[in-house]
Structures are given as C-alpha cells and as structure tokens.
Amino acid sequence: MAARKSAKKPNVSADELKTYYREMLLIRRFEEKAGQLYGMGLIGGFCHLYIGQEAVVVGLEAAAEEGDKRITSYRDHGHMLACGMDPNGVMAELTGREGGYSKGKGGSMHMFSKEKDFYGGHGIVAAQVPLGAGLAFSDKYKGNDRVTFTYFGDGAANQGQVYESFNMAALWALPVIFVIENNQYAMGTAQQRSTSSPDIYHRGEAFGIPGEMVDGMNVLAVKEAGEKAVAHCRAGKGPYILEIKTYRYRGHSMSDPAKYRTREEVQKMREERDPIEQVRGLLLTGEHASEDDLKAIDKEIKQIVNAAADFAKDSPEPALDELWTDITAETAPQTA
Amino acid sequence: MATEILMPALSPTMEEGTLAKWLVKEGDSVSSGDILAEIETDKATMEFEAVDEGTIGKLLIAEGTEGVKVNTAIALLLEDGESADDLPEAAPAADAGKEAAADGGSDAPAPAPKARETDPGDHAEPEAPEPDWPDGTKLKQQTVREALRDAMAEEMRADDTVFLMGEEVAEYQGAYKISQGLLDEFGAKRVIDTPITEHGFTGIAVGAAFGGLRPIVEFMTFNFAMQAMDQIINSAAKTLYMSGGQMGAPMVFRGPNGAAARVAAQHSQDFAAWFMQIPGLKVAMPFSASDAKGLLKTAIRDPNPVIFLENEILYGRSFDVPDLDDYTVPFGKARIWREGDDVTIVSFGIGMKYALEAAEKLAQDGIDAEVLDLRTLRPMDTDAIIRSVKKTNRCVTVEEGWPQGSVGSYISSVLMQQAFDYLDAPVITCTGKDVPMPYAANLEKHALVTTEEVIEAVKQVTYS
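This structure is a prediction, so every number in the text was calculated from the model and none was measured.

K.L.:
Would you take a moment to explain the overall build of chain A for this structure?
P.N.:
The secondary structure content of chain A amounts to 11 helices and 8 strands. Relative to the compact-globule value of 20 Å for 336 residues, chain A shows a C-alpha radius of gyration of 20 Å, a close match. Overall size of chain A, expressed as C-alpha extent along the three principal axes, is 60 × 50 × 45 Å. Residues classed as buried in chain A amount to 56% of the 336 residues present. A separation threshold of at least 6 residues defines the contact pool for chain A, and within that pool the share at least 24 residues apart is 72%.

K.L.:
Can you walk me through the pattern of salt bridges in this structure?
P.N.:
Side chains that differ in sign of charge can pair as their charged atoms come close. Residues and elements named next belong to chain B. Under the criterion given, the structure shown has 45 salt bridges over all chains. As a salt-bridge pair, D365 and K459 come within 3.1 Å of each other at their nearest N and O atoms. Separated by 94 residues along the polypeptide, D365 in the loop between α10 (351–364) and β19 (369–373) and K459 in helix α14 (residues 451–461) bring together distant segments of the chain. A relative accessible area of 26% places K459 in the partly exposed class. In this structure, a network of salt bridges that share partners links the residues E154, E155, K293, K297, R301 and D326.

K.L.:
Just checking my understanding: could you explain the UniProt feature "domain: Lipoyl-binding" (unreviewed entry) in chain B for this structure?
P.N.:
Following the UniProt record, the feature "domain: Lipoyl-binding" (unreviewed entry) maps to residues 2–78 of chain B here. Measuring from the first to the last C-alpha atom of residues 2–78 of chain B gives 5 Å, for a span that is 0% helix and 53% strand.

K.L.:
What is the right way to read the interface of chain A and chain B from this model?
P.N.:
Many structure descriptions define interface size as the accessible area lost when the parts assemble. In this complex, chain A contributes 42 residues to the contact, which on the side of chain B involves 47 residues. Between chain A and chain B, roughly 3600 Å² of surface is buried when both sides are summed, and carbon and sulfur atoms account for 66% of that area. Summed over the shared surface of chain A and chain B, the number is 0 salt bridges. If you look at where chain A meets chain B, you find 18 residue pairs in polar contact (both at pLDDT 80 or more). Contributions of two or more residues to the side of chain A that touches chain B are made by β2 (118–121), α5 (128–142) and α6 (160–171) of chain A. A per-element tally of the side of chain A that touches chain B places α5(A) first, with 9 residues.

K.L.:
Looking at this structure, I do not really get the confidence of the model for chain A. What am I missing?
P.N.:
Low pLDDT marks regions whose predicted coordinates should not be analysed in detail. In the predicted model, chain A carries a mean pLDDT of 94, and the fraction of residues at 70 or more is 95%. Note on residues 1–7 of chain A: pLDDT is under 50 here. Beyond four places in sequence and across chains, it has 18 contacts.

K.L.:
Which parts of the structure should I look at to understand the sheet that holds strand β8 (residues 73–78) of chain B?
P.N.:
Strands belonging to one sheet form pairs held by backbone hydrogen bonds; the direction of such a pair is parallel or antiparallel. All names here are of chain B. Pairing is antiparallel in the open sheet, where 4 strands are placed in the order β1-β8-β6-β3. The sheet is open, and its two edges are formed by β1 (3–6) and β3 (29–30), each paired on a single side. Pairing of β1 with β8, which is carried by 4 bridges, proceeds in the antiparallel orientation. Bridge pairing in β8 places T3 opposite L77.

K.L.:
Is there a simple way to think about helix α8 (residues 289–301) of chain B in this case?
P.N.:
It helps to recall that an α-helix has 3.6 residues per turn; residues three or four apart then point in one direction. Residue and element names in this part refer to chain B. Over its 13 residues, α8 runs 19 Å from end to end, which matches the ideal 18 Å to within 8%, given 1.5 Å per residue. Of all the 13 residues making up α8, 12 are buried; the element is thus mostly covered by neighbouring parts of the structure. Turning to α8, its buried residues number three or more, namely A289, S290, D291, A292, K293, G294, L295, L296, K297, T298, A299 and I300.

K.L.:
Explain the UniProt feature "domain: Dehydrogenase E1 component" (unreviewed entry) in chain A to me, please; I cannot follow it from the model alone.
P.N.:
In the UniProt entry, the feature "domain: Dehydrogenase E1 component" (unreviewed entry) is given for residues 23–319 of chain A. Structurally, residues 23–319 of chain A comprises 44% helix and 12% strand, and the distance from its first C-alpha atom to its last is 33 Å.

K.L.:
Got a minute to help me understand the side chain of Q142(B) in this structure?
P.N.:
Residue and element names in this part refer to chain B. As for its placement among the helices and strands, Q142 is situated in strand β9 (residues 139–143). Assessed through its relative accessible area of 7%, Q142 is described here as buried. Only 2.6 Å separates the side chain of Q142 from the side chain of D150, close enough to count as a polar contact. Leaving out residues up to four positions away in the same chain, Q142 has contacts with A147, D150, A289, R317, S318, F319 and V321.

K.L.:
Can you walk me through the sheet that holds strand β22 (residues 428–430) of chain B in this structure?
P.N.:
All names here are of chain B. Spatially, β17-β19-β18-β21-β22 is the arrangement adopted by the 5 strands of the open sheet, whose pairing is mixed. The sheet is open, and its two borders are formed by β17 (335–338) and β22, each paired with just one other strand. For this sheet, the mean inter-axis angle between neighbouring strands, taken without regard to orientation, is 25°. Two elements, β17 and β19, share 3 bridges in a ladder whose sense is antiparallel. If you follow R335 over to β19, its bridge partner there is D373.

K.L.:
Where do I start with the environment of G39(A) in this structure?
P.N.:
Along the chain, G39(A) falls in helix α1 (residues 14–39). The sequence separation of G39(A) and M254(A) amounts to 215 residues, and the corresponding C-alpha distance is 8.6 Å.

K.L.:
Is there a simple way to explain the nonpolar core in this structure?
P.N.:
Nonpolar side chains in soluble globular proteins generally cluster together in the buried interior. The biggest cluster of nonpolar side chains holds 83 residues, and the ones touching the most others in it are F137(A), I232(B), F253(B), F275(B), L377(B) and L415(B). Summarising the domain contributions, this core has at least three residues from each of domain 2 (139–322) and domain 3 (335–461) of chain B. Not counting residues within four places of it along the chain, the set of residues in contact with F275(B) comprises F222(B), M229(B), I232(B), L281(B), V283(B), I307(B) and L309(B). Formed by 71 residues, the second largest nonpolar core is a distinct cluster that contains Y101(A), A190(A), V222(A) and V305(A).

K.L.:
Would you take a moment to explain the environment of N234(B) for this structure?
P.N.:
By the element assignment, N234(B) lies in helix α5 (residues 229–237). Residues N234(B) and G280(B), spaced 46 residues apart in sequence, show a C-alpha to C-alpha distance of 10.0 Å. N234(B) has contacts with I124(A), M229(B), T239(B) and M242(B), leaving out every residue within four places of it along the chain. A distance of 2.6 Å separates polar atoms of two side chains, one belonging to N234(B) and the other to D230(B). Separated by 2.9 Å, the side chains of N234(B) and K238(B) make a polar contact.

K.L.:
Just to check I follow, could you spell out a nonpolar patch on the surface for this structure?
P.N.:
Residues and elements named next belong to chain B. Side chains of M226, W274 and W402 sit close together on the surface and give an oily, nonpolar patch of about 290 Å² of accessible area. Topologically, W274 is positioned in helix α7 (residues 272–276). Residue classification places W274 among the partly exposed positions, given a relative accessible area of 39%.

K.L.:
Explain the pairing of strand β10 (residues 162–166) of chain B to me, please; I cannot follow it from the model alone.
P.N.:
Each regular strand displays side chains that alternate between the two surfaces of the sheet. All names here are of chain B. With respect to burial, β10 is a largely interior element, 5 of its 5 residues being buried. The side-chain alternation of β10 yields two buried faces, one formed by V162, L164 and G166 and the other by F163 and M165. Note that β10 and strand β12 (residues 214–218) share 5 bridges and pair parallel. Residue pairing across strands places G166 opposite E218, the latter belonging to β12. Two elements, β10 and strand β11 (residues 191–193), share 3 bridges in a ladder whose sense is parallel.

K.L.:
Would you mind going over a negative patch on the surface with me for this structure?
P.N.:
Residues and elements named next belong to chain B. Negative charge collects at one region of the surface, where D52, E53, E79 and D80 lie side by side. Considering the arrangement of structural elements, one finds E53 in the loop between β5 (45–49) and β6 (54–59). By relative accessible area, E53 is classed as exposed at 63%.

K.L.:
Help me understand the pairing of strand β3 (residues 148–153) of chain A, please; the structure alone is not making it clear to me.
P.N.:
Residues and elements named next belong to chain A. Burial of β3 is extensive: 5 of the 6 residues sit out of reach of the surface. In this sheet, strand β4 (residues 176–182) lies alongside β3 in parallel orientation, the contact comprising 6 bridges. Within β4, the position partnered with T148 by the bridge is V176. Regarding topology, α6 serves as the crossover connection from β3 to the parallel β4, and that connection is right-handed.

Parameters at a glance
- Residues numbered from 1 in each chain as written.
- Chains lettered and ligands numbered in written order.
- Predicted model: local features only at pLDDT ≥ 70, side-chain atom pairs only at ≥ 80, totals over all residues.
- Heavy atoms only, no water.
- Helix = DSSP H or I, 4+ residues; strand = E, 2+ residues; numbered from the N terminus.
- Rg over C-alpha atoms; globule rule 2.2 N^0.38 Å.
- Buried < 20%, exposed > 50% of the residue type's maximum accessible area, 1.4 Å probe, protein only.
- Contact = heavy atoms within 4.5 Å.
- Salt bridge = Lys/Arg side-chain N within 4 Å of Asp/Glu carboxyl O.
- UniProt positions renumbered as here; feature names shortened; annotations may be inferred.
- Buried area = accessible area lost by both parts, 1.4 Å probe.
- Polar contact = N/O pair within 3.5 Å; in protein donor to acceptor, adjacent residues only side chain to side chain.
- pLDDT = per-residue confidence, 0-100.
- Pairing = 2+ DSSP bridges.
- Expected span 1.5 Å × (residues − 1).
- Axes fitted to C-alpha atoms, helices over the stretch in contact; angles between N-to-C directions.
- Core = buried A, V, L, I, M, F, W, Y, C linked by side-chain atoms within 4.5 Å.
- Domains from an automatic or database assignment.
- Patch = residues over 30% accessible without salt bridge, like charges linked within 9 Å, V, L, I, M, F, W, Y side chains within 5 Å.
- Areas by Shrake-Rupley, 256 points an atom, 1.4 Å probe, with all protein chains shown as cover.
- Lys, Arg positive; Asp, Glu negative; His and termini not counted.
- Charge placed at Lys NZ, Arg CZ, Asp CG, Glu CD.
- Right-handed = clockwise from strand over helix to strand, strands pointing away.

Right, here's the structure in full:
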C-alpha cells in the first residue's frame, strides 16, 4: 500500500504519513496545553514552545535507528515527544512534580532520558553542541555505528564553541549530525541582524564538513535529508550539517510578546507553510485518509494531552528530601 | 677577558639541571646559534645555544654532571686574540658540580628566594604520624610527576573506558611531562592530543562521559579552564541533579593550579576556593606524591566530576610512595602530618610547604603545631579540623589563593559555628595577597603567602 501520490515524495507509505501527522499533532497539542498550563501558573520559569517547528524533529526521528542519540537546547519538548518519551513524564516535569522525568528537579529546560538516548535539555545556548560531539566521540570510541543528532538554533550558531566542535568533529571524524534549527530569530534578533552570512550550512566548509539547507516545514524533505546525513555518519565519513529552515509561531519563551515581527508574517507562515497542514493535505488529496480518520487521530491526541495535563497536575510535588538527592553519585550512574 | 657561559634556566620553575652532553670541545670556535650542549631539566632535554662568537676555552662542568644550579659558569668563551693559556688558574675546576653553585663567583646572582625553592630528591620529609599504608609497607621515592603518571597508567590498564585528552598530552608527552610514556603504552585512541580549544574539548569530554566513558581532561594549566568553566559547572557538575539521577559525568579535570614562578597574573591563580563552592563537583588538591597517586586513582574511579588541582612547583618534588599494586586514598579524609598541642595549622596542596616549614621553625621556639593536610576540599574533612582544634584551641589556615571567600574563610566559619567554645583565639587565615600576581620577582614573593607570615600568625593566636 505504498502511497504513490502526486506530491513530492514517492517513497512514503500512507501509514508513515499518518504517523508523521500524528506525531507532529501530538507536539503541537502538547505545546498548546503547556502554554495554557503556564498561563494558569502551573508551569513556572522559562518555557520555550516548539509550535511551528514540529516537522524538524519528526522528520529526523524518522531517519534515526535504535541506539542513536539526540541532544538539544532548552526548546526541547518536541524532541522528547518525537523520540518516544512519555508525555505524562514530560508534562509533569514542566509542572515540577515527582512524576516528571527529572523528579521535578530539572524543569522545562533540563530533561533527560537514558532509556530513549535523550541527553537533554540544556539551558546554556550552544553548550549542547560540544556535548553532542562528545556523545558521538563515545560511540566512535566504543566502535559502534550509532550517530548523534545535535540540535541547535540559528542563534547558537554564532557561539564560538560550535566552531571548536566543528573542528574536532571533522578532525576526529565523529559521527555527529549538527542540526541547525533555523527558526530565523535568536530570541528577538532576526537572523540578518545577527549573522553575517545568511547560509549557516556553508559554515562547515572551512572544516570540510558537508552541509545542506532543508525545508523544515516539509517533514518528508527533512526525513530525506536526515537519511542522507545518517548514512554519511554511519559510513564513518564524519560529521554532517543540516540547516533546517523552520519557523516558531510563538514567542521565544512564554514571556516574549514577539514585537520584533509582524502578525502578518506569522499568519502567512501558518496559512501557507504549516507542516501539519501540509501532511494533512497530502493525506486527504491522496485519499490515504478521510476527514473522519484524521478526526479520530485528533481525538486520540487530545486525550493523550489531556491525560498528560491531568497527570502533571495530580502528581505530587517532590518530597522535600529530594532536595538533597542526586547531587553526587555513589556508584556510576551508567556503564559503557 | 674570557666570557663565562652560564647554566641557563630553561623553564619558569627550573633551578638546576643535568649537563647531559657537550656538543663542543675545547678549542672549537662557535658562533651565535650553534648548539653547545644538551641540558636535561626534570621535564625535558633541551638544546642550549651559543649567544656570542668565540672559541671554547675551557669546559668547566663535565658532561653527565647532575644538579648544576642555574647561573653556574659551565664554560669559558675566549674572544679574538685570547688563548686558553691566558685563562687564570683560579677558574672553577671541571669537577665543580653542585658545589659550583655555592660559590659561583662574586657576580653570581642571589640564590632564588627560599619560598620559591623547588626541592627535588633529597629533601627530608617530616615523618607523617598517620600514614595511609600499613606498617612494613615497602616504600619508594617518587616525584609527584611520576606518581600522577603511574596513577593514570594503572587506572587505564584496569578500565578501558578511561582515556586522557588535552593539549600536548600525547606526542609531546605532556607540557609538564605528566603523561610521559602513556601514548606508547595506550595508543592514540586513548591518549588524545586536542587542538587549543578548551571550551570545545571540555564539552566533548563531558559529552563522552554522558555517553559512558571516563575521560581525564588535562588542562595545561587551570588558568585555561576558565574558558571551559561553563561546561565544567553547568554541564558536568549539574547534570546528575538535573536529570533526577539518570546520568552524570564520571570524569576528572586535572592540571597544574596556582602560581608557578614568574609567569604573572594570567598564569598564576589558585582556583581551590572557586571549585570548592560547586555542589556536584569533588575537589582534590594533593601535596605529597603518595596522595597525588592515591587521590588521582580514587578520582578516576569516582562516578562524579572531580577537579584535581596539581601544582607545578611540586611536580619535581620527591616523597615516599608505597610500593603497592593498587594504592588509593579516600576522599574526605585529612592527613595529620605532624602532631602537636599548641595550634592547628590547616592547609592543602602547596600551602602544606609553608605550613610544614613554619611548624618546624616554631618547634625550635617551643611551639608545637599540629599540621593537617585536607587533601580534598570537597568533601572536606571538617571533623578532623574540629577534632584537632578541640585539642589545640587555636587554628591558622594556609593557602596561596586570595583572602576574600577563601578556603580558610570557610574553615573559620565552620569552626565558629561548630567549635566556638573551644577557640581561645580568632582563626587567622594566611592567604595570598589580594592582588593580581605581579611579574617582578620581589613583588611576586610578597604576593604569595610566606612561611614567615604563617609563623607570625601562629605567634598571634598563641599569644607568644
């Protein structure tokens, strides 16, 4: 039942398309709910939503295999959901509860899952870039063929440690994919005001790292680029750069009114480029799904997200003695 | 008049060396840039070039002579028209060796200030009353440098996830020769030269630790670790907590810390108090070679990020080290170097040098100091300090770092809160002066803590 449709990607099945639709929708509805809970005071501190960028992580996770690693910045909820982490645990971490992935001690920006090879959730812009190269280093050292997806934004791309990492990743042929999620704004600074050359993917050339630009609103294009990058890394050819052009619909964080761009700009993107609507269109025009099928998916997602919100509200706050745990380890928290 | 060719100082801390080989002989004419000799420091063999033109009139120090002090005349260079026969008979004999330094002539520079003296080899250590090894253990003399190297080698043999990375650690054999021979034994996969890129390679090492390896990161000096501070603190120290215990960074950050000699403000800083403040880190700062070895082995095995603060001046100093297959020293246990009833002197790292010197001199004045080496600053053996102060009722702390927010300040606050009733005098914190490190030799000497200051502090708290 391979879906031979008129659209760009011939080699994607209807089931796969539906999966991407479902996963992107889960992220969007989850984030909308998180925004709502933030407004109600149930989520505190910084909270960076991923709405608009869903195709990036869903497309790349479609190119990943078991044992591949991922690491990202503080805009991390989408990455966690896309790699299969439990929405309940993620939402409960947002509300700072015992049932959260970090027992309520990490919050929105600092979440991890050893089980899903998700290495955070890092709050310092670009710090995750050498860390991701280091994860790739560990796989190369162990002699397996796993790859690490190291995500960072167009803002982070101006940090010096990114280029230190490019240099060593190329020098040591580390199996790392540097994924630049270019949502075009580093907080409130538009890319043309922060970045001397518009095409960030070219910046690997000085180090001999191949790079390409990808339409980040098109999940199939992202997946295809991801597969190419993964094959490159798995073959031992060293790092690869994907600059994925995307767009966040919301402000930088919940407290950002986003006055640095026009409402029309956002509206145009939502109407013409929305990644979920694009897949929805493919499913409907290719007759791979009916309106009713999609409604059923919407309903299921809504239930998952509501259940996560309920869990996150009902889970107790961490016991006070949690203040004093996990500061130092008595035994190794992991083995090689 | 013949020109004296003097034994050169080939590193900031070199005070003597071995004249390994002469590459010229008497009667050879030389011009500037010609290599005259090979000289071994404790770190490397260096070539020594001629500066002036002339004819080698006399070789004053035989090749193979060890312990030739810097600025000793090692040869005489004849100018045009002079001949070897013109040389006065009184010139120092070729067998001068070590003695040459003592009477190096009236124009020889003053000997290095006592406080800066490195003391390889034959220094008599006071016998520690609480050794960490059983009675009858066979001991060997080792430098701190060798002890650190052995610790890494032993742990790398035992666990193949342990690897060393840093600038010049592999092919160069270490900027301070701590990693000498490791590349040969373990290969380039596990002894890794990095580019000069502290922020980046520290982040890569932390990531590798997240990924299940046990990295040892060598900072050429800890001054350069400031470039990597974010990765050490925000990434390595905090991840175990932020992940609710799921993952952490079992690794060691090590390298020389504190003042070396004449390298001025940007290269002379003691970071003990900085790192000691961070929950999630452990901090070790050994003084002796046995502790350097035992603590580094413990650090490599520890499942947490460990800051391991070494000292360049101590690298060449020798101590007794137990000749055991697997000698480790636990964290959080102070060592009593000297027992006494009159005052407790608490120190760590190179501060111990001043503490022990002061205690020795104070003993001559009838003041019996108990000297405690903390060995690790986090965890800190405050129980040992309190125990000792309950006996002596007086405490002086010694460190090279700055006074505000010093390790000593913390110790004195602990004593005030937990042993107030036992104190007969305020705690005095002997620290480095509250200034960036100056370059000038006399100013540098005054910027550091001195033995005399420790003695003075003890006299103040003992009212003597």
